[in-house]
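A look at the structure
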Amino acid sequence: MIRFENVHKTFDTHSVLRDLTFKIERGEMAYITGPSGAGKSTLLKMIFLEEWPDGGDILIDSTHIDDITEDDVPYFRRKIGVVFQDFRLLDRTVFENVALTLRITGEREGYIKEAVHETLKMVSLRHKADTYPQYLSGGEQQRVGIARAIIGEPAVLLADEPTANLDPDTAAGIVRIFKEINARGTTIIHATHNRDLFRGTGYRVFRLDSGHISPEVGL
Amino acid sequence: MSYALNTALSGLWREKWVNFLCTFTIAAGLLIMSMALLAVFNVQKVMERMPDRFSVLVFLKDGMNERPDTLIKKMQALEGIKSVRFISSQEALKELRAALEDPDLVLGELEGNPLPSSLELRLERDAVADQSVRLIAQKAGEFEEVDDVHYASSVLRVIQSLQLYAKGAGLAIIIILGIAVLFVSYSTVKLLLYRKQDEIDTLKYLGATKGFIRAPFLLEGAFMGTLAGMMALAGLGLLYATMHMEIGSSLPILAAMEAPLALLPALPAAGLAIGVTGAHMAVGKIRF
């Protein structure tokens, strides 16, 4: 599904990723871990084409990213859902935040209404549809972010430190939602520095350190 | 489209004071621009009508009270002459009496008729220019029956320079204000863009196309520009009415000013163009 081959990336003179080679299978749930500044976010940004590698090959769903033109980028991104550490919700109701993904793809209003309520039910926020984000807790805001990321049924879900600002119980709740989404067939890449989240799960973990990646299993 | 419209309208409402100030500034600029345009238009109008009203008066020597047909023919043969009218001394006195408010007060003490007979030369449109009028006057003055030649040379020169400078100055004002108004519109949208940068980034991550991101900003610009154009039109209408009703009686030249009907749709259209162009420039190139 996602393949990195000898990928490297440098910012100014600082080499962030060095000779990165790994593969994530379709339907897999994998973790990227490592200390702050290890390059976890940069790696995710390369998958949703916000950053481009200085060298090497990246294939996503058999498409080489070099073959994607600038005009194709928005359409490509619709196949990838992204969940951010800082939620990135807009100053609109929960319903409108989640509906935005479908408005971008030009869905019918009837379908949008139905799909938003269905997705909000999945993240247990159906009753908060008319609430503005500032009146929600951190965990609730993150669940809105997840709902917005998955409503378009993306093939891949990227989560960049989605639980970093949340307490352990809320974080565990978010991970449970990810497992449910993954069980429906969505490939999930979860970047986190918190080892407790994947310890004992059996999921594959890729550890980034000093720009190099080493696979391990979340035992 | 409905998403773009809703977003634009809610954006306009959310930032209503900044948007109102920007709209007001664009309106003020457009109003001054249209006033400059009106001035140019009216000077142009005056210049167009001038040839029909402009005449050269050729005063004949004393005692020439009969119609001098030969001289009239010679005058008509001069280049640039459209028509020649003979005004006898009696007729001149009659015209003067008609023109004066209280003719007896001015002319009552006079014995006899002090006015000479004259020829009124009307000129072809092309001939009404400083150089050619001077040439006609010079040639007319060379005939021996002629005593003196008069024409409003200073008025001719003033109007000609007015046409030249008012047109140039008007155009300069229009261009400078046009750029200024465009810049105001550009700056406002740019300011909004800075404030909405996070929102734009989020839209990009969600797969929004450039058109989808741009549309609400362009609509906001269009709405503000059109409203500014209509405000300028209302302001101009108010000024025009005031000029006609209040100041027109004491300054007849203002009452005579005309406003072209084309300004009715042109001002909102100019506002729309400025608003959309400013917004388009401010959004600039969206890169993924």
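Residues numbered from 1 in each chain as written. Chains lettered and ligands numbered in written order. Predicted model: local features only at pLDDT ≥ 70, side-chain atom pairs only at ≥ 80, totals over all residues.

What about the overall build of chain B?
To keep things clear, this is the line we draw: Here a strand is any run of E in DSSP of at least two residues, a helix any run of H or I of at least four, and the numbering for each starts at the N terminus. Taken over C-alpha atoms, the radius of gyration is set against a globule rule of 2.2 Å times the number of residues to the power 0.38. To assign burial, the other C-beta atoms lying within 10 Å of each residue's own C-beta are counted, with C-beta atoms placed from the backbone; 20 or more indicates buried, 12 or fewer indicates exposed, and intermediate counts indicate partly exposed. Note on contacts: residues are paired as contacts if their backbone-placed C-beta atoms lie within 7 Å.
Within chain B one finds 11 helices and 4 strands. On C-alpha atoms alone, chain B measures out to a radius of gyration of 30 Å, which is more than a quarter above the 19 Å that the 2.2 N^0.38 rule sets for 288 residues. Considering only C-alpha atoms, chain B reaches an extent of 100 × 40 × 25 Å along its principal axes. Taken over 288 residues, chain B has a buried fraction of 28%. Within chain B, residue pairs in contact and separated by at least 24 positions form 86% of the contacts whose partners lie at least 6 positions apart.

Considerations on the sheet that holds strand E5 (residues 63-64) of chain A
Residues and elements named next belong to chain A. Cut-off, in case you're wondering: Here, a strand pair is defined by DSSP locating no fewer than two bridges between the strands. The convention used is that axes are lines fitted to C-alpha atoms, helices contributing only their stretch in contact, and that angles between N-to-C directions extend from 0 to 180 degrees.
Overall, antiparallel pairing links the 4 strands, which are arranged E2-E1-E4-E5 in an open sheet. For this open sheet the edge positions go to strand E2 (14-24) and E5, each flanked by a neighbour on one side alone. As defined by bridge partners, strand E1 (residues 2-11) adjoins E2 across 7 bridges and the pair is classed as antiparallel. In the sheet register, Val7 faces E2, and the bridge partner there is Leu20. Set on the sheet, helix H1 (residues 40-47) makes contact with E1, E2 and strand E4 (55-60); between it and E2 the angle comes to about 60 degrees.

Notes on the interface of chain B and chain A
How we decide: Charged means Asp, Glu, Lys or Arg here, nonpolar means Ala, Val, Leu, Ile, Met, Phe, Trp, Tyr, Cys or Pro, and polar covers whatever is left, Gly included.
Facing the 11 residues of chain B at the interface are 15 residues of chain A. Sorting elements by how many residues they give to the side of chain B that touches chain A places helix H8 (residues 197-205) of chain B first, with 4 residues. For the side of chain B that touches chain A, the class distribution of residues is 6 nonpolar, 3 polar and 2 charged.

A closer look at the nonpolar core
For the record, the criterion: Note on terminology: a nonpolar core is a set of buried residues of type Ala, Val, Leu, Ile, Met, Phe, Trp, Tyr or Cys, with members joined through C-beta atoms within 7 Å.
By size, the foremost hydrophobic cluster in this structure holds 65 residues, and its most contacted members are Val98(A), Ala147(A), Leu157(A), Leu158(A) and Ile189(A). Considering each element in turn, this core owes the most residues, 7 residues, to helix H3 (residues 94-104) of chain A. Core analysis: the second largest hydrophobic core is formed by 35 residues, Ala36(B), Val189(B), Ala228(B) and Ile274(B) among them.

Things to note about helix H5 (residues 138-150) of chain A
Residue and element names in this part refer to chain A. This is how the line gets drawn: The length a helix should cover is 1.5 Å for every residue beyond the first.
Look at H5: 19 Å from first C-alpha to last across 13 residues, which is about the 18 Å you get at 1.5 Å a residue. Within H5, 10 of the 13 residues are buried, which leaves the element mostly enclosed by the surrounding structure. The elements touched by buried residues of H5 are strand E6 (80-83), H3, helix H4 (109-122), strand E7 (156-160) and helix H6 (168-183).

Considering H4(A)
Residue and element names in this part refer to chain A. As a reminder, the rule being used: Arc, as used here, means the arc of the directions from the helix axis to the C-beta atoms.
Look at H4: 20 Å from first C-alpha to last across 14 residues, which is about the 20 Å you get at 1.5 Å a residue. Taken residue by residue, H4 has Val116, Thr119 and Leu120 as its buried positions. Along the axis of H4, the buried positions cluster into a sector of 100 degrees, meaning they face one direction only. Exposed positions of H4 whose direction lies more than 90 degrees from the buried face are Gly110, Tyr111, Glu114 and Glu118. Buried residues in H4 make contact with H3 and H5. At the C-terminal side of H4, Ser124 shows a positive phi close to 55 degrees.

What about the sheet that holds strand E3 (residues 118-123) of chain B?
All names here are of chain B. An order of E2-E3-E1-E4 is seen for the 4 strands of this open sheet, with the pairing classed as antiparallel. Of all the strands in the sheet, just strand E2 (81-87) and strand E4 (146-150) have a single pairing partner and so form its edges. The sheet shows a mean angle of 20 degrees between the axes of neighbouring strands, taken without regard to direction. Summarising the sheet, strand E1 (residues 55-60) and E3 pair through 5 bridges and their orientation is antiparallel. For Ser55, the partnering residue across the bridge sits in E3 and is Arg122.

Topic: the domain arrangement of chain B
Threshold: Boundaries of every domain are those given by an automatic assignment or by a domain database.
Domain annotation for chain B reports domain 1 (2-46 + 171-283) and domain 2 (55-151). The distance between the C-alpha centroids of domain 1 of chain B and domain 2 of chain B comes to 54 Å.

Re unusual backbone geometry
Residue and element names in this part refer to chain A. Residues other than glycine seldom take positive phi values, yet Asp12 does so here, at roughly 55 degrees. Of note, Asp12 is situated in the loop between E1 and E2. Of the residues examined, Asp12 has 5 C-beta atoms within 10 Å and is grouped as exposed. With a phi close to 50 degrees, Ser210 is a non-glycine residue in the positive phi region. Inspection of the secondary structure assignment puts Ser210 in the loop between strand E9 (204-209) and strand E10 (212-217).

Describing the pairing of E6(A)
Remark: a regular strand shows side chains that alternate across the two faces of the sheet. Residue and element names in this part refer to chain A. Burial along E6 is two-sided: the face carrying Ile80 and Val82 and the face carrying Gly81 and Val83 are both buried. In this sheet, E7 lies alongside E6 in parallel orientation, the contact comprising 4 bridges. Looking across to E7, one finds that Ile80 is bridged to Val156.

Points about the confidence of the model for chain B
Inclusion rule: The predictor reports its confidence for every residue as pLDDT, a score running from 0 up to 100.
The share of residues in chain B with pLDDT of 70 or more is 95%, and the mean pLDDT across the chain is 84. Across the whole predicted complex the pTM is 0.71, and at the interface the ipTM reaches 0.89.

Digging into the environment of Gly138(A)
Residue and element names in this part refer to chain A. Take Gly138: it is sitting in helix H5. As a C-alpha pair, Gly138 and Glu114 span 24 residues in sequence and 25 Å in three-dimensional space. Once you skip the residues sitting within four places of it in the chain, Gly138 turns out to touch Asn165, Leu166 and Thr170.

Comments concerning the packing of H5(A) against H6(A)
Residue and element names in this part refer to chain A. Selection criterion: Roughly parallel covers angles under 35 degrees, roughly antiparallel covers those over 145, roughly perpendicular covers 65 to 115, and oblique covers all other angles. The sense of a crossing depends on the near helix, which, turned anticlockwise from the far helix by less than a right angle, makes the crossing left-handed and, turned clockwise, makes it right-handed.
Axis separation between H5 and H6 bottoms out at 10 Å; the angle between their running directions is 15 degrees. Here H5 lies roughly parallel to H6, going by the angle between them. Remark: the crossing between H5 and H6 carries right-handed chirality. Here H5 contributes Gly138, Gly139, Gln142, Arg143, Ile146 and Ile150 to the contact with H6, which in turn contributes Thr170, Gly173, Ile174, Ile177 and Ile181. Residues of the contact of H5 with H6, tallied by class, amount to 5 nonpolar, 5 polar and 1 charged.

A closer look at the packing of H3(A) against H5(A)
Each packed pair of helices is defined by two parameters, the angle between the axes and the distance between the axes. All names here are of chain A. Running from N to C, H3 and H5 cross one another at 30 degrees; their axes reach a closest spacing of 7 Å. Considering the angle they form, H3 stands roughly parallel to H5. Note on packing geometry: the crossing formed by H3 with H5 is right-handed. Residues Val94, Asn97, Val98, Leu100 and Thr101 of H3 form the contact with H5, whose own contacting residues are Val144, Ala147 and Arg148. Among the residues making up the contact of H3 with H5, the classes are represented as 5 nonpolar, 2 polar and 1 charged.

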